[in-house]
Amino acid sequence: KKQGKDQCAVFEPAMRESFQKHLEMEADLRRAVLRHEFELRFQPIVRLRDQEISGLEALVRWQHPERGMIPPLEFIPLAEETGLIVPIGEWVLREACRQAARWNAQRSSDTPLTVSVNLSAVQLERADLPMLVTSALEESGLPAKCLIIELTESLLVEHRPETLQRLHAIKALGVRLAIDDFGTGYSSLAYLRNFPVDIIKIDKSFVDDIGDMPAAAALTLGIIQLGQALQLSTVAEGIEHIEQLSELTGGNCELGQGYYFAEPLTTDAMDNLLFPNPPPVT
Ligand code: C2E
Ligand code: MG
Ligand code: MG
Ligand code: MG
């Protein structure tokens with residue numbers, strides 16, 4: 001096609017091979033849904049002021065029987081293309097709410113943890129999304145104010161009018177919305193005006209360059225101030241070094257997430273982090 005009309009090209013073996021691979025992966029992914037091969041990791045989101053955990057982000061993994069752990073960026077695009085993200089995403093949402101409710105029930109603190117769940121555009125295209133969110137909350141007993149739905153800018157670019165209605169329906173439940181990877185899209189500012197957003201997650205690429213590029217630091221601080229002016233919470237993603245942390249804290253960024261605090265953890269590891277000294281069984 002690249003060579004223009006009326007051109008004929010041989011179907012190369014390499015193309016056939018990659019097509020074959022794609023089909024195999026798709027069949028594998030279908031099987032994975034039936035066999036429940038997905039797992040969640042939870043990464044703490046920390047209040048920078050005192051480094052207390054304020055919430056967790058649920059991040060999906062595929063535990064493949066032969067290939068081992070497959071990260072989301074290697075199967076989410078295929079899951080979106082095939083529609084398999086719908087059952088996978090439904091499981092992620094229900095499981096994340098269930099675990100968060102369990103952790104909150106065990107904690108004595110009066111400020112419950114929030115749980116953040118990433119949503120794909122394909123899931124937002126479904127009319128039954130608000131019903132799914134309602135059911136995940138009811139089933140788990142998690143209060144709506146503890147659930148945060150993360151959307152990427154690219155998702156909002158191609159939105160249809162129904163998308164906005166569905167987001168409002170979800171917000172009406174008391175659930176909050178976050179824009180993920182903020183600053184990497186083409187017209188981030190328009191979303192802040194047009195969508196009922198509560199939280200901005202500053203993309204890791206800005207945080208990465210804070211120490212090396214004055215422009216990155218200035219942009220990061222600018223985004224934080226923008227968030228404050230609009231009364232939105234700001235979360236800095238991908239904090240790895242103490243220098244980044246002090247810059248962000250100095251700029252009054254409210255929340256942060258990154259390997260400096262913790263990597264995404266298994267449910268067991270999160271249990272140990274939240275409850276380091278389990279009471280002896282009596
Ligand atoms: P995201 O939502 O922006 O999630 C943050 C990603 O950055 C995670 O990668 C996390 O492990 C990684 N990260 C966090 N802190 C650091 C750090 O300090 N350094 C570095 N290098 N990385 C850090 P992960 O888990 O591989 O997920 C990648 C993306 O896959 C997510 O980006 C999200 O867009 C997507 N994703 C994950 N789970 C789901 C899901 O359940 N549904 C959907 N639709 N997408 C998901
Ligand atoms: Mg996210
Ligand atoms: Mg992100
Ligand atoms: Mg990302």
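Residues numbered from 1 in each chain as written. Chains lettered and ligands numbered in written order. Predicted model: local features only at pLDDT ≥ 70, side-chain atom pairs only at ≥ 80, totals over all residues. Heavy atoms only, no water.

If you check an unreviewed UniProt entry, the protein appears there as Diguanylate cyclase from Actinoplanes awajinensis subsp. mycoplanecinus.

**Regarding the site of ligand 1**
Every one of the 23 residues lining ligand 1 counts as a neighbour, but Arg 61, Asn 118, Asp 180, Glu 240 and Tyr 259 are closest to it. Here a nitrogen atom of ligand 1 and a side-chain polar atom of Ser 120 are 3.0 Å apart. Contacts to ligand 1 include Asp 181, whose side-chain N or O atom sits 3.1 Å from an oxygen atom. Computed on the free molecule, ligand 1 has an accessible area of 800 Å², of which 83% lies beneath the protein chains in the complex. Secondary-structure elements contributing two or more residues to the shell around ligand 1 are strand 2 (52–64) and strand 6 (176–182). When residues in the shell around ligand 1 are grouped by element, the largest group, four residues, is from strand 2. Its residues placed into classes, the shell around ligand 1 shows 10 nonpolar, five polar and eight charged. (Near = heavy atom within 4 Å. Polar contact = N/O pair within 3.5 Å; in protein donor to acceptor, adjacent residues only side chain to side chain. Areas by Shrake-Rupley, 256 points an atom, 1.4 Å probe, with all protein chains shown as cover. Helix = DSSP H or I, 4+ residues; strand = E, 2+ residues; numbered from the N terminus. Nonpolar A, V, L, I, M, F, W, Y, C, P; charged D, E, K, R; others polar.)

**Here we look at the packing of aromatic side chains**
In this structure the tally under the stated criterion is six aromatic pairs. Judged by centre distance (5.7 Å) and plane angle (35°), the rings of Phe 38 and Phe 75 are tilted. Linking Phe 38 in strand 1 (residues 38–47) with Phe 75 in the loop between strand 3 (68–70) and helix 2 (76–82), this pair joins segments that are 37 residues apart in sequence. The pair formed by Phe 38 and Phe 75 is uniform in burial state, with each residue classed as buried. Look at Tyr 191 and Phe 195: their rings are 6.2 Å apart centre to centre, the planes differ by 55°, and that puts the pair in the tilted class. Grouping residues by exposure puts Tyr 191 and Phe 195 together as buried. An aromatic cluster of three or more residues is present, and its members are Phe 38, Trp 62 and Phe 75. (Phe/Tyr/Trp six-rings, centres within 6.5 Å; stacked < 30°, edge-to-face > 60°. Buried < 20%, exposed > 50% of the residue type's maximum accessible area, 1.4 Å probe, protein only.)

**Remarks on the environment of Val 122**
With respect to the secondary-structure elements, Val 122 resides in helix 4 (residues 121–124). Spatially, the C-alpha atom of Val 122 lies 9.9 Å from that of Thr 82, the residues being 40 residues apart in sequence. Apart from residues lying up to four places away in sequence, Val 122 is in contact with Glu 80, Ile 85 and Val 86. (Contact = heavy atoms within 4.5 Å.)

**Considering the side chain of Ser 120**
Its place among the elements puts Ser 120 in the loop between strand 4 (114–118) and helix 4. Looking at Ser 120, its side chain comes within polar contact range of the side chain of Glu 80, at 2.6 Å. Apart from the residues lying within four places of it in its own chain, the contact partners of Ser 120 are Ile 76, Glu 80, Ile 85 and Leu 155.

**Let's talk about the coordination of the magnesium ion (ligand 2)**
Surrounding the magnesium ion (ligand 2) are the protein donor atoms Glu 57 (OE), Asn 118 (OD1), Glu 150 (OE) and Asp 180 (OD), which sit 2.0 to 2.2 Å from the metal. Between the magnesium ion (ligand 2) and the magnesium ion (ligand 3), a spacing of 4.2 Å is present, and a bridge between the two is formed by Asp 180. Here Glu 57, found in strand 2, pairs with Glu 150, found in strand 5 (residues 147–152); they are 93 residues apart in sequence, far enough to count as distant. Across the pair, exposure class does not vary: Glu 57 and Glu 150 are buried alike. (Donors = N, O, S within 2.8 Å, 3.2 Å for Na, K, Ca; no water.)

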